[in-house]
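A look at the structure
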Amino acid sequence: MSSTQITGAVLVVGGGIGGIQSSLDLAESGFKVYLVEKSPAIGGTMPQLDKTFPTNDCSMCILSPKLVECGRHLNIEILTNAELKGISGKPGNFKAVIEQKPRYVAMDKCTGCGDCAEKCPVKLPDLFNKGLSQRKAIFRLFEQAYPPTFAIDKEACKECNVCVKLCKAEAIDFEMEPKTQEINVGSVILSPGFEEFDAGLIANYGYGIFKNVITSIEFERILSASGPYQGQLLRPSDMKPPKRIAWIQCVGSRDIHRVNNNYCSAVCCTYAIKEAIVAKEHSSIDLDTTIFYIDIRTYGKGFESYYKRAKEEHGVRFVKSEIHRIYRDDNENLILRFSDDNRIREEEYDLVVLSVGVTQSEANQKLAIKLGIQLNQHGFCLTEDFSPVKTSQAGIFAAGVFSGPKDIPETVMEASAAASEASGILATARHSLTRDKEYPPENNIIGEKPRIGVFICHCGINIGSVVDISDVKDYAATLENVVFVEDSLFTCSQDSQQRIKERIEEYSLNRVVVAACTPRTHEPLFQETLRETGLNKYLFEMANIRDQCSWVHQRQPEKATEKAKDLIRMSVAKAKLNEPLFQTKLEVNHSALVVGGGISGMVSALAIARQGFEVHVIEKSSRFGGIANNIHSTIEGSDVQVYLKELIDKVSSNPLIHLHTETEIQDVSGYVGNFKTRLVIGEVEEVKEITHGVVVIASGGDIYKPNEYLYAINPNVFSLIELEGEIAKKNKLISTSRNIVLIQCVGSRDDERPYCSRACCSEAVKLALELKKLNSDVNIYILYRDIRTYGFKEQYYLEAREKGVLFIPYDVSDKPAVEAINKEGKDIIKVTVNDLLLNESFSIDADILALATAIIPSPESAKLAGLFKVPLNEDGFFMEAHIKLRPVDFPTEGVFVCGLAHSPKLIEESIIQSKAAASRAGIILSKDRIESNAMVSTIDKDKCSGCGMCVELCPFIAIEIDVIDNTAIINEALCKGCGVCASSCRCGAVDIMGFTDNEIYSMIKTGALECWGNV
Amino acid sequence: MTDVSSKIREEARKLLKNGEVDVIIGFEKGSIPFSATPCFVRNEADTDKLIWNEYCGNNLARYLSEVRGKAGIIAKGCDTRAIVELIKEKQIQRERISIIGVPCEGMLDRKRIMMSCQRKDKTGIEDQDGQLLTRGDSLNTAVKKDEFLYPACHVCTNRNPVMYDVLIGNTIEERKTDDFADVTEFDEKHSEERWAYITDEIGRCIRCYACRNACPLCYCKECFVDSTQPQWVGKTTEQSDTLSFHIMRSIHLAGRCIECGACERACPVLVDIRILNRKMSADVKNLFGYKTGLDIDQPAPLSIFKPDDSEEFMLDV
Amino acid sequence: MGKIDTNWEPRIIAFLCNWCSYAGADLAGVGRMQYPANVRVIRVPCSGRISPFFILSSLQNGADGVLVSGCHPGDCHYLTGNYSARRKFALLKSQLEHIGIEKERVQFTWVSASEGGKFAEVINRVTETVRALGPAKKLVKKCL
């Protein structure tokens, strides 16, 4: 295929966090993106969540910068209220038909002021709040929604025309028609999300009838500060704070009797723990929280210690019991019956939260059928374990819950992985459809006397009805250096932008202050206007006289007017000191270094090479494949060795990939776009220096070697991975064994290694099934603490149970006892275990004992962490930049992580993460130059005493001490401009461009007292 | 005491002779009674002027970053704590200094000794076997030297050097840990009483900056009080400016002040400057479990954090 | 005490981090939550940008109260800016109290981007406590 045939654009379906991530990755690496979202705003499920586990980060806080970034991206076209109707063509050249429902509000006119919704007489249940509150017929999905434009629910709307009369921007248009368009794209990514399980389907729980039985997502909304109860923890029946809350797990999941769902929803255990912790924090009384569960599946990174903290620090109670029915009493309280310690008990709760699972929506299934995409038995998109984001249609990829239940970081990784796949197909058409905006050259204003123009916005009546604009306008004109003041109905409208440009020219303005809504949403727009006239965009200040003034002081017009004057005075004072700022451009070396030659390293290298970039892969041993050399099949039955061989062949034959075995890193210098790494190769220790723009750390993990359970003492005791090897070798011992015991969590979830090793439960079930296949008479006992066959792995657990594998729960404080004995002339291993369910101790005469040994960090990790200046977590695995939204990035730009180096995981998950790392790496590699942030830290060398305080505090490792003159130097490529350095420098040597001490001081002085007026 | 002085001279001679250092920073006899003055000895012959007595109060670490070449330093506990901080803050390099450590039982405050003899009937004070004898027409009284110890020495917990190359004599017993009882006692007073005391003390400040100049850890090339862009603190001696200067200085020394009392010793108008620095030391210990100047590998408390640091000071909404 | 100015309104400077607290303040506006008009907001990138000088200067220049608000621990847009700031703030607040400045004059809090209600509540609380204290006298420059 030549580049003329390939369309350098991608269609992304679904505007949740997955779709947003795919879009950003692709747009940032040179492709045009059409993001199609069926609702009026992007965001998906995340905006509905209160906090995210296991860090309890505020969900909206971490998401909203991404919404804005995606929304404002020049090369992402967001189509809301839109659906994909069909696709034709082939990979590289698809035609997609998109149908867009009318919004009835013109997006280019609506300023998002909200006057319409305030007066709209039609009220209906707010589905964003799960019907727990009401919204109007003209509405915005949620406050921080992007696009911020309102939309009309035509079915509910009575067309009373109140909004039409109120809308000063004349944005409402009932005549809008549905629109169908055909777009050309080279690839498609489907991330349309999921639907929560309909709890009403389980009649015994009384959902929809009992007011105080709610779903987990409803509970999220209740907890949310922007939710229906403004974050107060109340129960719906009487709006009183509950004292006892119960969570019932696995509602609609792991349930083949009531709803025929034989998969685990993978997220509910941890979200229930989160909800219990957050509820306790919200409650003013000592809230009782109980989680009723089958197994607690806190298998993800950081989840196990979160679970432990919930139990030990927060006092969340966990009861291993299924709940079959909920009863209600006269006070709308709820009675749960359950078995605890083999006794039937009854307890009363004020509120019951059903931890509903995730399901595929009917609409998604229809979409899949329309596109000819195969679904699996559960109705989710079918993917293969070695190609986890590929659908059955070439060129169409899947990400997120569309292909199975998963958490946010896994969705984000899949989204990046899908972007990497798409960009692999379209590599030759990179930058063919993207736009770069051209601006006139910038006027040099340095040395000019400040000439400030102040533009004051009425925002329809939003500001003008409270703040006396003409008074404010007169006042602004008196301020020193202000040469022009003007007010307008909507300063953000298109014609106003034109007028601002004219005024800038006419009055030779060299600074602009806009007094209007908020810089968070509108600063980029006005800065754009400045750039279009040749003014540096940092010569701009905004006074927030709407969101933080007229809207919040509606009943105090005089005080609001005074405040507006003050805010303008402060902004003018700062604007006066504003200087043009410039982004530094840094050349980018277009090759990558991948550290580690296991599956993760090779997948990542291949994905980067497919995007058209050169890759060096270094492997410390003499052989590629890593731990996978000892794994023979996946639980789904795919042959790992065949896959590995193919992978090694592909990597070896790719001309862009250079392989270095028996190679280690001696030292690393440089930064994003420009790394220099010295390698030491082979026994002769040849030293070689390579330059590269990015690094992917795929250094793998290791397997724990136990000191317990007779391991390495008794020849019939193996680790699971060794047992797998013995099965593959057809060891006779296996075919002749009558009793085989597997002990789970050996070296995991204990005091030394508090984390869960995630893969072992699936491994154990896989091996049990294989052993049963070899000899159906063999007795297999799996001694476990919680069986964590999350997601679709659950069906194999069920299969194992059906085939007679015995699962015996033990308690960590009472671990199984293992003893080598000779019985009737035969060497056996006597395993004694106390069965927690039966509360009964018994012994098994095992022929083979296999231990599910922990996955531990590679001994290389600490060294690599030091070399690349990236952090490890307390368990010794690499610590990503953000556990939810930046799962393969580090705070240090240009360095990425994947595979076991990041945390224990299955092969399929390593593949996803490795492709995600390749996508993130591709963003940098695809650029000729990267622009640094202009609002960065700057050092006055004459003042710096080189104490190193800033070096230690910088979260981005952007500062180092120049050994020659013992002063700090800022790496502008790495600096994010947080200002921690500046506020901590005793010597006054550090400042932040755009937020200088001087600028802030001028605001302090003009803000503290009016008499400082003109400083 | 003379024994200590001679041992110091011996070590100093050795260092200079072997070329291990270019200069020895120590004390010589002061030109007025009850005093010792910092001196810089560059050749063996001059080592005889080095002395050691209970008037060697100055913190000599102050001079380390100013001398060129390798320096030997006669260092008390507090001097060595300053050295530890200065090494941590990259102002000096451990390999470029040679520390002759001297255990210290506390230094005497010449100013107060002199003041105590200003009664007309007194004719003089003599030092005799650990006691000060006040002579006069009608009285000959002996006062224990402890009465004239510097306030900082009263709460010193590191009378032995924390780091040294050679130690003169034997280590002496340390006092129990500092419980900051003085800070607690002060903070239990009514806020207006505290304000009255502090403004009274600080009110005497003449902005001479002797405190800053004596401090071993005040080494900024431009002090914040001299900044004009912006001018954080005005240059007047009005209360607002003076107090802001001292508050800011205490904040800059938080987690760094080694409590040698050099600031107070230097103050010509006897301002109780330590009232601010002691507070910061108490907070740094109580909030962050940190004591300054003990370990060069221990990160400064304001250069690190713990996710569960106390939020008691924050507004509870 | 001098004569009581019945028209006196406290003036409070608030330093808000761009990513959480400033957004929370905007959200209070979007929700039309009403609060007293005494606060003058200065937007900074991160609570970690806020130097103790900013707070002292505010008091010196005549502010009756100072409010500092950043992202909740763990939510910092710059990873750890609020953590290192928290240590500095703890010391400054303690020192101001030590010297006898009314402790309610300077307040620190965390407000997230979704806590419009909390922001309004914080402003209510801070304004009312500062109002109850009366005009700031200590630390204010005389030449005002």
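Here the structure is shown first, and the text comes after it.
Residue positions are given per chain, counted from 1 along the sequence in the order it is written. Labels are handed out in written order, letters beginning with A for the chains and numbers beginning with 1 for the ligands. Given that the model is predicted, a residue must reach a pLDDT of at least 70 before its local features are reported, and side-chain atom pairs must reach 80 or more before they are shown or counted; all residues, however, enter totals for whole chains, interfaces and linings. With hydrogens and water stripped out, all remaining heavy atoms of the structure feed into the side-chain values.

Here we take up the sheet that holds strand S2 (residues 39-44) of chain C. Residues and elements named next belong to chain C. Strand order in the open sheet formed by four strands is S2-S1-S3-S4, with parallel pairing between adjacent strands. Two strands close off the open sheet at either side, each with one partner strand: S2 and strand S4 (106-110). This sheet shows a mean twist of 20° between the axes of neighbouring strands, independent of strand direction. By definition, two strands form a pair when at least two bridges between them are found by DSSP. The helix count covers DSSP runs of H or I at least four residues long, the strand count covers runs of E at least two residues long, and both are numbered beginning at the N terminus. Where strand S3 (residues 65-70) lies against S4, five bridges are found, and the strand directions are parallel. Paired with Ser69 across the strands is Thr109, a residue of S4. Packed on one face of the sheet, helix H3 (residues 81-98) meets S3 and S4 and runs near 155° to S4. The angle between two axes is taken between their N-to-C directions and runs from 0 to 180 degrees, where each axis is a line fitted to C-alpha atoms and a helix contributes only its stretch in contact. Every residue pair with non-hydrogen atoms within 4.5 Å of one another is taken to be in contact.

Facing the 45 residues of chain B at the interface are 41 residues of chain C. Buried area between chain B and chain C, summed over both chains or domains, comes out near 3900 Å², and the portion from carbon and sulfur atoms is 65%. For any pair of parts, buried area is found by adding up, for both, the accessible area (1.4 Å probe) each one loses once the two are put together. The largest per-residue losses of area from chain B upon contact with chain C belong to Trp232, Phe313 and Leu315 of chain B, which jointly make up 20% of the total buried on that side. For Asp309 of chain B, the salt bridge identified is with Arg87 of chain C, shortest N-O distance 2.8 Å. Any carboxyl oxygen of Asp or Glu within 4 Å of a side-chain nitrogen of Lys or Arg constitutes a salt bridge here.

Before going further, it helps to spend a moment on the side chain of Ser303 of chain B. Within the element layout of this structure, Ser303 of chain B appears in the segment after helix H10 (274-288). A distance of 2.8 Å separates a polar atom in the side chain of Ser303 of chain B from the backbone oxygen of Ala300 of chain B. Distance and chemistry together define a polar contact, namely a pair of N or O atoms within 3.5 Å, with one atom able to donate a hydrogen and the other to accept it when in protein, and with adjacent residues in sequence counting only for side-chain atoms on both sides.

Turning our attention to the sheet that holds strand S34 (residues 674-681) of chain A. Residue and element names in this part refer to chain A. In space, the three strands of this open sheet follow the order S33-S34-S35, with antiparallel pairing throughout. Bordering the open sheet on either side are strand S33 (663-671) and strand S35 (686-692), each of which pairs with just one other strand. Each neighbouring strand pair of the sheet contributes to a mean axis angle of 20°, computed without reference to strand direction. Two elements, S34 and S35, share seven bridges in a ladder whose sense is antiparallel. What sits directly across from Ile681, in S35, is Glu686.

Attention shifts here to helix H2 (residues 52-60) of chain C. All names here are of chain C. Relative accessibility under 20% of the residue-type maximum defines a buried residue, over 50% an exposed one, and the middle range a partly exposed one, all with a 1.4 Å probe and only protein chains included. Within H2, nine of the nine residues are buried, which leaves it mostly tucked inside the rest of the structure. Every buried residue of H2 is listed here: Pro52, Phe53, Phe54, Ile55, Leu56, Ser57, Ser58, Leu59 and Gln60. Residue Ser51 occupies the N-cap position of H2, its side-chain oxygen lying 2.9 Å from the main-chain nitrogen of Phe53. In the stretch just after H2, Gly62 is the one whose phi turns positive, near 115°.

Moving on: the packing of aromatic side chains. Residues and elements named next belong to chain B. Two rings from Phe, Tyr or Trp (for Trp, the six-membered ring) form a pair when their centres sit within 6.5 Å of each other. Planes less than 30 degrees apart are called stacked, planes more than 60 degrees apart edge-to-face, and all others tilted. Evaluation of the coordinates by the stated rule reveals 36 aromatic pairs over all chains. Measuring from centroid to centroid gives 6.2 Å for Phe27 and Trp52, while their planes differ by 70°, and the two rings are edge-to-face. You can see Phe27 sitting in strand S1 (residues 23-29) and its partner Trp52 sitting in the loop between strand S2 (36-41) and strand S3 (71-75), a full 25 residues away along the chain. With a relative accessible area of 1%, Phe27 lands in the buried category. Relative to Tyr197, the ring of Phe186 has its centre 5.7 Å away and its plane inclined at 65°; by these criteria the two rings are edge-to-face.

To continue, consider the state of the cysteines. To count as a disulfide, a pair of cysteine sulfur atoms needs to be within 2.5 Å. Evaluation of the coordinates by the stated rule reveals zero disulfides over all chains. Not part of a disulfide, Cys745 of chain A finds its nearest cysteine sulfur in Cys761 of chain A, a span of 6.1 Å. Cysteine Cys46 of chain C shares no disulfide, and the gap to the nearest cysteine sulfur, in Cys76 of chain C, comes to 3.9 Å.

With that settled, consider the environment of Val684 of chain A. Mapped onto the elements, Val684 of chain A comes out in the loop between S34 and S35. You can call Val684 of chain A exposed: its relative accessible area is 72%.

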